[in-house]
Amino acid sequence: QVQFVESGGGLVQPGGSLRLSCAVSGVSGSIFRWYYDMAWYRQAPGKQRELVASISSGGSTNYADSVKGRFTISRDNAKNTVSLQMNSLKPEDTAVYYCNRQPAVALYWGQGTQVTVSS
């Protein structure tokens, strides 16, 4: 059973930083490395879930315009993990953050991790 478990969220002041992590279990390292394009998504209260950043199996990255230059996505294929380094956080970054494949697979949505940016 494939599972995606997010961690690292919390409360941070505007301008602060957080690093989110996503552990992927139930899939072999070779499958993860070669076949799993991964992404971080977020859903703010009252809004639809949106794509924040993605990273292909080959390491190519893409970012939503709203986070370019502030967020960095990375992956560790040896550990089946994906991370999101978030700097210069803004109140509008407040949301529940999820990781999933890109494109997302409905079955793989986890509980997410809450990020709150507030003074």
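The structure under discussion appears in the preceding block.
Residues numbered from 1 in each chain as written. Predicted model: local features only at pLDDT ≥ 70, side-chain atom pairs only at ≥ 80, totals over all residues. Heavy atoms only, no water.

Caption draft 1: Seen up close, the state of the cysteines. Considering all chains together, one arrives at one disulfide under this definition. Note that Cys22 is cross-linked by a disulfide to Cys99, the S-S spacing being 1.8 Å. For the disulfide bridge between Cys22 and Cys99, the dihedral angle about the S-S bond is near 55 degrees, and by the sign convention the bridge is right-handed. Of this pair, Cys22 sits in strand E3 (residues 18-25) while Cys99 sits in strand E9 (residues 95-101), and the two are 77 residues apart along the sequence. Like Cys99, Cys22 is buried. (Disulfide = S-S within 2.5 Å. Helix = DSSP H or I, 4+ residues; strand = E, 2+ residues; numbered from the N terminus. Buried < 20%, exposed > 50% of the residue type's maximum accessible area, 1.4 Å probe, protein only.)

Caption draft 2: Geometry of the pattern of salt bridges. Counted by the stated rule, this structure contains four salt bridges. Asp93 is the partner of Arg42 in a salt bridge, and the nearest nitrogen-oxygen pair spans 3.0 Å. Of this pair, Arg42 sits in strand E4 (residues 38-43) while Asp93 sits in the loop between strand E8 (81-86) and E9, and the two are 51 residues apart along the sequence. Judged on exposure class, the residue Arg42 and its partner Asp93 are both buried. Salt bridges sharing partners connect three or more residues here, namely Arg42, Glu50, Arg70 and Asp93. (Salt bridge = Lys/Arg side-chain N within 4 Å of Asp/Glu carboxyl O.)

Caption draft 3: Representation of the packing of aromatic side chains in the model. Applying the stated rule across the entire model yields four aromatic pairs. Ring geometry for Phe32 against Tyr36: centres 6.1 Å apart, planes inclined by 50 degrees, an arrangement best described as tilted. For Phe32, a relative accessible area of 0% translates into the label buried. Each ring, one from Tyr41 and one from Trp109, has its centre 5.1 Å from the other, and the planes form 80 degrees; the classification is edge-to-face. In this pair, Tyr41 is assigned in strand E4 and Trp109 in the loop between E9 and strand E10 (113-117), connecting sequence segments 68 residues apart. Accessibility expressed as a relative area gives 7% for Tyr41, which makes it buried. (Phe/Tyr/Trp six-rings, centres within 6.5 Å; stacked < 30°, edge-to-face > 60°.)

Caption draft 4: Expanded view of the environment of Gly10. Tracing the chain through its elements places Gly10 in strand E2 (residues 10-12). Spatially, the C-alpha atoms of Gly10 and Val117 are 8.4 Å apart, while their sequence positions differ by 107 residues.

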